[in-house]
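Geometric and topological summary
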Amino acid sequence: MNEFGYVAYRRRLIEDIRAKGVEDLAILQLFDRVPRHLFIPEGTRHRAYEDAPIPIGYGQTASQPSLQALYLQVLDPQPSDKVLEVGTGSGFLTALLALSADRVYSVERVRELSMRARVALDGLALNNVALLVGDGSIGWRKYAPFQVIIVSAASPSVPPALAAQLAEGGRMVIPVGEREVQDLLLVRRIGGEIETESLRQRCTFVPLLGLHGWDELDPEPAI
Ligand code: SAM
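Residues numbered from 1 in each chain as written. Predicted model: local features only at pLDDT ≥ 70, side-chain atom pairs only at ≥ 80, totals over all residues. Heavy atoms only, no water.

What to know about the site of the ligand
Under the convention used in this document: By convention in these notes, a residue is near a molecule or strand provided one of its non-hydrogen atoms lies within 4 Å of it. Polar contact criterion, stated in full: a pair of N or O atoms within 3.5 Å, where within protein one must be able to donate a hydrogen and the other to accept it, and residues adjacent in sequence count only if both atoms are side-chain atoms. Secondary structure elements are defined from DSSP: runs of H or I of at least 4 residues count as helices, runs of E of at least 2 residues count as strands, and each element is numbered from the N terminus. Asp, Glu, Lys and Arg are counted as charged, while Ala, Val, Leu, Ile, Met, Phe, Trp, Tyr, Cys and Pro are counted as nonpolar; the rest, among them Gly, fall into the polar class.
Residues in close proximity to the ligand total 26 residues, the closest being Gln68, Ser90, Glu108, Gly136 and Leu209. The side chain of Gln68 places a nitrogen or oxygen atom 2.9 Å from an oxygen atom of the ligand. A distance of 3.3 Å separates a nitrogen atom of the ligand from a polar atom in the side chain of Ser152. Those elements giving two or more residues to the shell around the ligand turn out to be strand E2 (60-62) and strand E4 (103-108). The element best represented in the shell around the ligand is E2, accounting for three residues. For the shell around the ligand, the per-class residue count stands at ten nonpolar, twelve polar and four charged.

Describing the side chain of Ser90
Stated precisely, the cut-off is as follows: Think of it in three bands: with a 1.4 Å probe and only protein chains considered, a residue is buried below 20% of the maximum accessible area for its type, exposed above 50%, and partly exposed in between. Contact between two residues is taken to exist if any of their heavy atoms lie within 4.5 Å; hydrogens are not considered.
Positionally, Ser90 belongs in the loop between strand E3 (82-86) and helix H4 (92-98). For Ser90, a relative accessible area of 11% puts it in the buried group. Within the local environment of Ser90, its side chain forms a polar contact with the backbone nitrogen of Phe92, the two atoms lying 3.1 Å apart. Once you skip the residues sitting within four places of it in the chain, Ser90 turns out to touch Phe39, Ile56, Ala62 and Ala117.

Focus: the sheet that holds strand E9 (residues 193-203)
In plain terms, the rule: Here, strands pair whenever DSSP counts at least two bridges between them. To get an axis, fit a line to the C-alpha atoms, keeping to the stretch in contact for a helix; angles then go from 0 to 180 degrees between the N-to-C directions.
Read across the open sheet, the seven strands follow the order E5-E4-E3-E6-E7-E8-E9; overall the sheet is mixed. Edge positions in the open sheet fall to strand E5 (129-133) and E9, since each of these has one partner strand only. On average, each strand axis in the sheet is inclined to that of its neighbour by 15 degrees, with strand direction left out of account. As paired strands, E3 and E4 are joined by five bridges and run parallel to one another. Looking across to E4, one finds that Val86 is bridged to Val107. Against the sheet, helix H3 (residues 65-75) touches strand E6 (146-151), strand E7 (166-177), strand E8 (182-190) and E9, its axis set at about 20 degrees to E8.

Shown next, in the form of structure tokens:
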């Protein structure tokens, strides 16, 4: 399919997102500005505009777009904000954030995914994104504090390093719970204190693997 062929699918996805409760025009426009298919590997590209998690290889998925829209609605990144993303994955959310904030610092443990995301981000000339291959459960201390932190993989608890790197007034979303099922939490630093509320219950995310996440049980399938 050529570039124009995707436009109708993109518009339908935006309608799906709106129908699921995100009506902020600025957020919906981001989904129009970033061609999601450029972040999805050839084999599953035809599914790029489904409102569903899409396999991207290495046992990982690109997150559901309406969930990413919810993140943007709740976190409300500002043009002056520094954002930390844990789990670059496809890089699609990284691109949405790059258009919303001052700078995005995104950490991914799978080198090949990070390299692929870099190509897609460069293709859109998004040059306010720094990518790192490593364990994002310890954050990225060099650039802290962050006004916004998004963790796209499920953790047994809120990693203390990430809470410590949240700026005053900062907002973080993170799925926390058991390995199979989690609650999506909104964590805020207000007056120096960390406050937590549940945004959505019984979600299932891929595990955050690392020092403050889960142990790796099985080797990742090398797709
Ligand atoms: N926002 C991404 C997207 O839409 O493509 C989400 C990708 S996926 C749901 C979560 C990602 O977190 C995976 O690519 C996985 O490799 C990564 N991940 C898991 N544990 C990690 C860790 N400790 N540090 C960095 N990335 C991690």
